[in-house]
Amino acid sequence: MISRKVLGSLVCLFVVTAFIWITVGNGKVHYLPYYLPCPEIFSMKLQYTEEKLIQLFPQRQDVLTVTPWLAPIIWEGTFNSEILDSAYRPLNLTIGVTAFAIGKYTRFVGRFLESAEKHFMKGYQVNYYIFTDNPETIPDVQLQPGRRFVIVPIKKYPSWQEISVRRMEAINKHIAEVSHREVDYLFCLDIDMVFCNAWGPETLGDIVAAIHPSYFNVPRSQFPYERRSSSSASIPDGEGDFYYGGAVFGGRVKKVYEFTKTCHMTILTDKANGIMAARQEESHLNRHFLSHKPSKVLSPEYLWDDSVPKPPEIHLIRFSIVD
Amino acid sequence: MGITKLHGLAILVTAGITGAIWYHHPFSSASDQESTFSSEEGILLKTDLNETSPMLPRRQDVLVLTPWLAPIVWEDTFNRDILNAQYTQKNLVTGVVTFAVKKYVQFIEGFMSSANKYFLAGHQVNFYLFTDNPEQISHLQMAPENHLFVIPVRNYSQWQDISMSRMDIISRYIQSQFQYEVDYLYSIDIDVQLFEHIGVEIIDALVGTISSWQYTAHRESKSYETRTESQAAIPKGEGDFYYTASFYGGSVAEVYKLTRACFKGIVKDRENGIEARWHDESHLNKYFLYHKPTRLLSPEYCWEEELSRPRTIQVKRMCSVRKDGKK
């Protein structure tokens, strides 16, 4: 029979173990919330009713609006278009857009351009560069003054994966030959999408990436990063910031030139090793943006997929895939 | 009864379990901040965004982004390791400009020793100390990467004049000297001390610090100049934040433009026989209204010691050390 002393010792042992486990928890640092359940009381809205001196509209409290490297994340409600327009319009900028319309994708060009004319950078000079292997099928679209449309012929590739991985090279080459002289900022967009709401100068930055709509509020472990270490786009477990979408990226034309070159190099490295990344160039883009953080991040408002059910965080969809 | 084998076994088992728990859950948070430093790219790969929900806001109690998309720097909004890696890659040098005239020389020691320790620690900082009493400065121990330049300057009878002439002196020295020596330049009042690290999160093109008076009931102290005769006048109803003149800066080019514009306003006011309510601070606020800063520092970065600290101020990095009520 177990004696009382032994029983007592074992009970003490158990209590101590349980106590240590509870206090230490899972080992992560606990940041105790500094506010009580009514955050409005402490919320610094900087509004003074007597003087109406400093007024700021409320921030978005439901989403992250600044990355840990202090790059803004652009959500509806975080910015004032008037202030931004008054800062950017006088600079007389030209914004470039690249889009690839290969094979059957030429049918999306008309819709893309019409919606862009309604919503994309209104009031700014815009150059659309449509890369296509089929220039005759590109429709003629009426553009507003100050906006141009240029067809960039490219050669046919056998498969869509091949086309996808050649995009970086094509954009890079085109910047070097043409667009670096013509535009200040460049956005590289997918063609099978439409603009639904305003896309303005809040998106301008040195290096701009957009968060993929399907992965913005899921745990990082579920991000479809390339995981095979043999690929140069591989991101190990536990690493990564966000999952960026390959359908929208951009920035200052010089910066876009630099990172498309780097991405193209890593894509070629994989090709030489006989491996194709899980999500083709999107995987390489994610790997690149992990070690060269974007200076501005666009919320999924700027890269939406209509087939994804709209969560409460998405207030306004600006650019979306349409079937 | 004495210690039996069973007692010894129980102690051993307890020690073993405690050791196992300690090993897997260290009490320090060091494992969390572990970073993978890739030598080729040099930017940290490990992030500190929430694992299960990366879009969770880190601070919900304060504004962290202005309407013109300038980040407002608060504790827990940034990862200094990532920022350090980005800063180091660009091989930048930052300068600090400060003035110690007349009785303000008493603050030099406290300021320099704390700034040397906490201001951009690990990076090269050039301290430019303007004083009317260079001989009185005792030897100051500087970190190996920092430099101290003592520059003699004439004193003025009134402290407001010193305060206002700072703008002129800074712009002239940027043109003649600083632009060749530093990339970023910050003007900091001498009568402050640093108690926590102020790092590269402050580095941006044009940076203003939100005044700690904004958080108190002392409306008087944080008002803009409203008399339209002054160049620093801000129309009623306008204004984003009230910025403090104790800590501002940015790239050398932007600070030059700022100091020139402010000094022009000061001179014009003097000609018209008017002095702005809060002197150079009023002019600074006028400038920041129409030339929005690209980054704002929260009042953590320049806390007025006599004010009671609200909960939103989690850290006091730099505090005034004024004993009397006047500046």
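Each value, and the rule that gives it
Residues numbered from 1 in each chain as written. Chains lettered and ligands numbered in written order. Predicted model: local features only at pLDDT ≥ 70, side-chain atom pairs only at ≥ 80, totals over all residues. Heavy atoms only, no water. Helix = DSSP H or I, 4+ residues; strand = E, 2+ residues; numbered from the N terminus. Buried < 20%, exposed > 50% of the residue type's maximum accessible area, 1.4 Å probe, protein only. Contact = heavy atoms within 4.5 Å. Areas by Shrake-Rupley, 256 points an atom, 1.4 Å probe, with all protein chains shown as cover. 1 Å grid on protein atoms, 1.4 Å probe; cavity = no way out; pocket = protein on both sides within 12 Å on 5 of 7 lines; lining within 4 Å. Points joined across faces, edges and corners; volume = space filled by probe spheres on them. Nonpolar A, V, L, I, M, F, W, Y, C, P; charged D, E, K, R; others polar. Pairing = 2+ DSSP bridges. Axes fitted to C-alpha atoms, helices over the stretch in contact; angles between N-to-C directions. Parallel < 35°, antiparallel > 145°, perpendicular 65-115°, else oblique. Left-handed = near helix turned anticlockwise from the far one by under 90°. Salt bridge = Lys/Arg side-chain N within 4 Å of Asp/Glu carboxyl O. pLDDT = per-residue confidence, 0-100. Polar contact = N/O pair within 3.5 Å; in protein donor to acceptor, adjacent residues only side chain to side chain.

Draft legend 1. Molecular detail of the overall build of chain B. Broken down by element type, chain B carries six helices and 10 strands. Across the 327 residues of chain B, 56% fall into the buried class. Within chain B, residue pairs in contact and separated by at least 24 positions form 74% of the contacts whose partners lie at least 6 positions apart. As presented, chain B carries roughly 14600 Å² of accessible surface, and 52% of it is formed by carbon and sulfur atoms.

Draft legend 2. Broad picture of empty space enclosed by the protein. What the rule picks out here adds up to six cavities of 30 Å³ or more. Taken as a whole, the largest cavity encloses approximately 70 Å³ of empty space. Lining the largest cavity are 11 residues, with Leu64(A), Thr65(A), Arg58(B), Arg59(B) and Val64(B) sitting closest to its centre. Tallied by class, residues from the lining of the largest cavity come to five nonpolar, three polar and three charged.

Draft legend 3. The sheet that holds strand β9 (residues 295–297) of chain B, seen in detail. Spatial ordering of the open sheet is given by β1-β9-β7-β8-β5-β2-β3-β4 (chain B), a layout of eight strands whose pairing is mixed. Of all the strands in the sheet, the pair left with one neighbour each is β1 (72–73) and β4 (147–152) of chain B.

Draft legend 4. A look at the packing of helix α5 (residues 253–272) of chain A against helix α6 (residues 281–291) of chain A. Residues and elements named next belong to chain A. Where α5 meets α6, the closest approach of the two axes is 10 Å, and the angle between their N-to-C directions is 120°. Classified by the angle their axes make, α5 and α6 are oblique. Judged by the sense of rotation from one axis to the other, the crossing of α5 with α6 is right-handed. Each of Phe-259, Thr-262, Cys-263, Thr-266, Ile-267 and Asp-270 in α5 lies in contact with α6, whose residues at this interface are Glu-281, His-284, Leu-285, His-288 and Phe-289. Residue composition of the contact of α5 with α6, grouped by class: five nonpolar, four polar and two charged.

Draft legend 5. Fine view of the pattern of salt bridges. Residues and elements named next belong to chain A. Evaluation of the coordinates by the stated rule reveals 30 salt bridges over all chains. Asp-62 is the partner of Arg-60 in a salt bridge, and the nearest nitrogen-oxygen pair spans 3.0 Å. Classification of Arg-60 as buried rests on a relative accessible area of 7%. A salt bridge links Arg-318 to Glu-76, with the nearest nitrogen and oxygen atoms 2.7 Å apart. Taken together, the residues Arg-318 in the loop between β10 (304–305) and β11 (319–321) and Glu-76 in the loop between β1 (73–74) and α2 (81–88) connect sequence positions 242 residues apart. Judged by relative accessible area, which is 30%, Glu-76 ranks as partly exposed. Three or more residues joined by partner-sharing salt bridges are found here, namely Glu-76, Glu-301 and Arg-318.

Draft legend 6. Quick look at the confidence of the model for chain B. Residue and element names in this part refer to chain B. In the predicted model, chain B carries a mean pLDDT of 85, and 86% of its residues have values of at least 70. Put simply, helix α1 (residues 5–24) is where chain B has its lowest mean pLDDT, 75, and strand β5 (residues 184–188) is where it has its highest, 97. In the model, residues 26–42 has pLDDT below 50 throughout and makes 26 contacts with residues more than four positions away in sequence or in other chains. Across residues 217–221, confidence stays below pLDDT 50; counting only partners more than four residues off in sequence or on other chains, it has 10 contacts. Scoring the predicted complex yields pTM 0.82 and, for the interface, ipTM 0.82.

Draft legend 7. Representation of helix α2 (residues 80–89) of chain B within the structure. Residues and elements named next belong to chain B. Of the positions making up α2, those classed as buried are Ile-82, Leu-83, Ala-85, Gln-86 and Tyr-87. Those residues of α2 hidden inside the fold are in contact with β2 (94–100). At the N-terminal end of α2, a side-chain oxygen is found 2.9 Å from the backbone nitrogen of Asp-81, two or three residues along, and the residue is Asn-79. Trailing α2 by a residue or two, Asn-91 shows a phi angle of about 55°, which is positive.

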